[in-house]
Amino acid sequence: MQSNPLRIGTRGSALALAQAHETRDRLKAAHGLSDDAFEIVVIKTSGDRIQDRPLSEVGGKGLFTKEIEEALLDKRIDIAVHSSKDMPTVLPDGLALTAFLPREDVRDAFLSPKAKSLQELPHGAVVGSSSLRRQAMIKRLRPDIDVVMYRGNLQTRLKKLADGAVDATLLAAAGLKRLGLEAEITSMLATDEFLPAVGQGAICIESREDDAATLERLAPIHDPETQIRLDAERAFLGVLDGSCRTPIGGLATISDGNLCFKGIVLKPDGSACHEAEASGPVEKAVSIGVSVAEALKERMGPGFLADH
């Protein structure tokens with residue numbers, strides 16, 4: 001490893017810092033290094049500053065990555081640690097996702113002091129969520145529920161729930177587990193009825209494509225299976241909509257060298273949706289993701305996404 005500390009760029013939320021520390025700890029173990037060999041660099045993003053509007057109204061996913069990617073390009077940091085589901089499908093020239101950590105639980109978690117599951121919430125209950133995908137899927141399963149915009153970091157959302165601002169919320173199980181907050185989970189939503197966001201549960205590391213020394217350092221902590229799954233999911237998302245303006249879910253799984261991909265696109269009010277799936281050898285991950293997206297585009301027709 002280099003004599004200067006490896007600078008790890010991250011957002012400043014508790015979850016983002018936990019992910020940066022996990023990356024650092026894996027690198028420490030892989031290379032036999034101490035904490036002094038690393039520097040955690042906290043970077044505030046536009047997405048962190050804007051809390052009063054849905055991201056879809058102010059620029060989409062890139063709001064959580066823009067300032068961090070600028071620091072990478074300016075060589076103020078060496079790597080950036082992200083939640084994969086926050087990453088746009090198109091990255092700035094010269095940058096790439098160059099490592100993935102082993103994927104955590106991909107499911108959405110249901111949290112509520114008033115019901116054991118989404119199905120058991122009372123008629124007209126209020127559920128908080130900032131995710132268009134979750135909002136649409138909640139409305140699909142429970143049209144009677146009032147879904148309200150619910151921004152803020154994980155701790156902020158938990159406090160709002162505890163204070164009674166909403167009757168329930170949905171959060172990524174992976175984030176709760178990484179922060180040791182599994183006890184907050186009331187129940188889990190099965191992926192066969194509630195497909196997760198593309199990349200949910202996966203930590204990705206972004207770096208400069210021409211930084212060979214850093215790529216070599218990252219190699220021991222890279223999980224190839226997670227990358228294959230994310231290759232399919234991101235290819236799917238790229239064909240349909242690379243932002244967060246459309247309710248989209250997708251999940252790739254691998255078994256015995258075969259990859260199965262399922263995808264869904266919904267109207268924001270949950271009143272209609274289209275689903276598709278395909279499978280094949282893992283070497284065809286990208287083409288499998290693309291084929292599912294193309295199938296959905298054909299089924300939707302030109303007006304499905306344009307309606308909103």
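Higher on the page you've got the structure.
Heads up: these notes are all about the structure in this document. Keep in mind the model is a prediction, meaning the values are calculated, not measured.

1. A look at the sheet that holds strand β1 (residues 6–10)
One open sheet holds the five strands; their spatial order is β2-β1-β3-β10-β4, and the pairing between them is mixed. Since the sheet does not close on itself, it has two edges, and those belong to β2 (38–42) and β4 (95–100), each with one partner. Geometrically, the sheet is characterised by an average inter-axis angle of 30° between neighbouring strands, direction not taken into account. Bridge analysis of strand β3 (residues 79–83) against strand β10 (residues 203–208) gives five bridges, and the strand direction is antiparallel. Counted as the bridge partner of S83 is I203 from β10.

2. Side note on the nonpolar core
Formed by 20 residues in total, the largest nonpolar core has its most connected members in F110, L118, L121, I138, I145 and F194. Sorting the residues of this core by element identifies α4 (132–141), β8 (168–172) and β12 (258–266) as the ones contributing at least two each. With three residues, α4 is the single largest residue contributor to this core. When sequence neighbours within four positions are dropped, the list of residues in contact with F110 reads A115, K116, S117, L118, L121, A168, T169, L170, I185, T186 and S187.

3. Observations concerning the pattern of salt bridges
A complete count under the given rule lists 20 salt bridges for this structure. Linking D105 and K177 is a salt bridge whose minimum nitrogen-to-oxygen distance equals 2.9 Å. Taken together, the residues span a long stretch of sequence, with D105 in the loop between β4 and β5 (108–111) and K177 in helix α6 (residues 173–178) at a distance of 72 residues. Ionic pairing is found between D211 and R208, a salt bridge with its closest N-O pair at 3.4 Å. Given the relative accessible area of 14%, D211 is considered buried.

4. Topic: the packing of aromatic side chains
As enumerated under the stated definition, the model contains one aromatic pair in all. Between F236 and F261, the ring centres sit 4.8 Å apart and the planes meet at 55°, which makes this aromatic pair tilted. One end of the pair, F236, is in helix α8 (residues 224–240); the other, F261, is in strand β12, with 25 residues separating them in the sequence. Of the residues examined, F236 reaches a relative accessible area of 0% and is grouped as buried.

5. Focus on the sheet that holds β8
Strand order in the open sheet formed by five strands is β7-β6-β8-β5-β9, and the pairing between neighbours is mixed. Each edge of the open sheet is held by one strand with a lone partner, namely β7 (146–148) and β9 (187–189). Strand-to-strand twist of the sheet, defined as the mean angle between neighbouring strand axes without regard to direction, takes the value 30°. Pairing between β5 and β8: four bridges, direction antiparallel. Bridge pairing in β8 places A109 opposite L171. Contacts between α4 and the sheet are confined to β5, β6 (126–128), β7 and β8, with β8 contributing the most and set at about 130° to the helix. This element, helix α5 (residues 154–162), spans β5 and β8 of the sheet and lies at about 160° to β8.

6. Regarding helix α9 (residues 285–300)
Here α9 is 16 residues long and its end C-alpha atoms lie 23 Å apart, about the 22 Å a rise of 1.5 Å per residue gives. Looking at the buried residues of α9, the elements they touch are α8, β12 and β13 (273–281). In the stretch just after α9, G301 is the one whose phi turns positive, near 80°.

7. Some thoughts on the environment of C260
Tracing the sequence through the fold places C260 in strand β12. Separated by 31 residues in sequence, C260 and R229 place their C-alpha atoms 9.1 Å apart. Excluding residues that lie within four positions of it along the chain, C260 makes contacts with L251, A252, T253, E277, A278 and S279.

Conventions adopted
- Residues numbered from 1 in each chain as written.
- Predicted model: local features only at pLDDT ≥ 70, side-chain atom pairs only at ≥ 80, totals over all residues.
- Heavy atoms only, no water.
- Pairing = 2+ DSSP bridges.
- Helix = DSSP H or I, 4+ residues; strand = E, 2+ residues; numbered from the N terminus.
- Axes fitted to C-alpha atoms, helices over the stretch in contact; angles between N-to-C directions.
- Core = buried A, V, L, I, M, F, W, Y, C linked by side-chain atoms within 4.5 Å.
- Buried < 20%, exposed > 50% of the residue type's maximum accessible area, 1.4 Å probe, protein only.
- Contact = heavy atoms within 4.5 Å.
- Salt bridge = Lys/Arg side-chain N within 4 Å of Asp/Glu carboxyl O.
- Phe/Tyr/Trp six-rings, centres within 6.5 Å; stacked < 30°, edge-to-face > 60°.
- Expected span 1.5 Å × (residues − 1).

Worth remembering: the numbers are spatial, not functional.
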